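As a plain string of letters, each chain reads:
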Amino acid sequence: ANSLSQTGTVGAGDVDSSDGLLHLRFVFAPIVQNPALTAALQPYYFVQVTDLTQNLVLYTDFAYAGQTGIPWQSVNTGSSSEIDYTDWQLVDVVGATPGLQLGDQVQLLIVASGSQPGSQYGKVWIDGDGTTIGGINVEGSAAAFVPKNSPLTYTLTYKNGGTAQETNSTVTFVTP
């Protein structure tokens, strides 16, 4: 397994001037080979953000190659050398989360692993950590719980955190 662990202190630079809240943001993209093994043997990725000061997990994500419900795209689909990947995924841990405060120590942990047995790989690319993500990005949010037969409203916020003007941009949103 390959892993990355970064620890840092939440500071004034983590406050987004657009809403005055703390934001821990980064983007990641998993890339895993898919040898079509059982779920327990597939390559996988795991991402977790922990507030070490408050002993509180703020964000977690885990998936294995070919897992249903993940927006996997693939190369060499259906072959023994299939590679599954997702587009860049934006993570935005907002300071309204209970416990997160200025001065807290936070840890970003990323683990990617290949299959067992086998030589297939699991990798995760990470980029753009900070209050502003460079380039165009879209954040989506919705209520965590909605009563049966009630409408669910998604809010999409798009930003250009880059230095260049972008034209002819399109947002496509597929509901889960």
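Residues numbered from 1 in each chain as written. Predicted model: local features only at pLDDT ≥ 70, side-chain atom pairs only at ≥ 80, totals over all residues. Heavy atoms only, no water.

1. Points about the environment of T60
No. 1: You can see T60 is positioned in strand β4 (residues 56-64).
No. 2: Excluding its chain neighbours within four sequence positions, the residues that come into contact with T60 are F46, V47 and Q48. (Helix = DSSP H or I, 4+ residues; strand = E, 2+ residues; numbered from the N terminus. Contact = heavy atoms within 4.5 Å.)

2. Here's the deal with the packing of aromatic side chains
Given two aromatic rings, one states the distance between the centres and the angle between the planes to describe the pair.
No. 1: For the structure on display, the rule yields five aromatic pairs.
No. 2: With centroids separated by 5.6 Å and ring planes inclined at 40 degrees, the aromatic side chains of Y44 and F62 adopt a geometry described as tilted. Taken together, the positions of Y44 in strand β3 (residues 44-51) and F62 in strand β4 put the pair 18 residues apart, joining distant regions of the chain.
No. 3: Classification of Y44 as partly exposed rests on a relative accessible area of 24%. (Phe/Tyr/Trp six-rings, centres within 6.5 Å; stacked < 30°, edge-to-face > 60°. Buried < 20%, exposed > 50% of the residue type's maximum accessible area, 1.4 Å probe, protein only.)

3. A few points about the pairing of β4
No. 1: In this structure, β3 lies alongside β4, joined through eight bridges in antiparallel fashion. Across the sheet, residue F46 finds its bridge partner in β4, namely F62.
No. 2: The antiparallel pairing of β3 with β4 creates a hairpin that spans four residues between the two strands, and N55 there sits at a positive phi of about 50 degrees. (Pairing = 2+ DSSP bridges.)

4. As for the pattern of salt bridges
No. 1: What the rule picks out here adds up to two salt bridges.
No. 2: With its nearest N and O atoms 2.8 Å apart, the salt bridge here joins D16 to R25. Comparing D16 with R25 shows no difference in burial state: the two are buried.
No. 3: R25 serves as the salt-bridge partner of D92, at 3.2 Å between the closest nitrogen and oxygen. With D92 in strand β7 (residues 89-94) and R25 in strand β2 (residues 23-33), this pair connects stretches of sequence that are 67 residues apart.
No. 4: With a relative accessible area of 5%, R25 lands in the buried category.
No. 5: One continuous salt-bridge network, built from bridges that share partners, spans D16, R25 and D92. (Salt bridge = Lys/Arg side-chain N within 4 Å of Asp/Glu carboxyl O.)

5. Side note on the confidence of the model for the protein
No. 1: On average, residues of the protein score 85 in pLDDT, and 91% of them reach the 70 mark or higher.
No. 2: Per-residue pLDDT, averaged within each element of the protein, yields its smallest value for strand β10 (residues 136-141) (75) and its largest for β3 (95). (pLDDT = per-residue confidence, 0-100.)

6. With respect to the sheet that holds strand β8 (residues 105-113)
The pairing of strands in a sheet happens through backbone hydrogen bonds and is either parallel or antiparallel.
No. 1: Strands sit in the order β1-β8-β3-β4 across an open sheet of four strands; the sheet is antiparallel. Among the strands making up the open sheet, the edge pair consists of β1 (2-9) and β4. Neighbouring strand axes in the sheet, compared pairwise and without regard to direction, differ in orientation by 5 degrees on average. (Axes fitted to C-alpha atoms, helices over the stretch in contact; angles between N-to-C directions.)

7. Observations regarding the nonpolar core
No. 1: If you look at the biggest cluster of nonpolar residues, it comprises 21 residues, and the most contacted ones within it are L24, F26, F28, Y45, V47 and L100.
No. 2: Breaking this core down by element, the ones donating at least two residues are β2, β3, β4, β7 and β8.
No. 3: The residues touching L100, leaving out its near neighbours within four places in the chain, are V10, L22, L24, D51, L58, V94, G95 and V106. (Core = buried A, V, L, I, M, F, W, Y, C linked by side-chain atoms within 4.5 Å.)

8. A short note on unusual backbone geometry
No. 1: Of note, the phi angle at A36 is positive, near 60 degrees, even though the residue is not glycine.
No. 2: Inspection of the secondary structure puts A36 in the loop between β2 and β3.
No. 3: Even without glycine at this site, N149 takes up a positive phi of about 65 degrees.
No. 4: A residue is classified by how much of its surface remains accessible, and N149, at 74% relative accessible area, is exposed.

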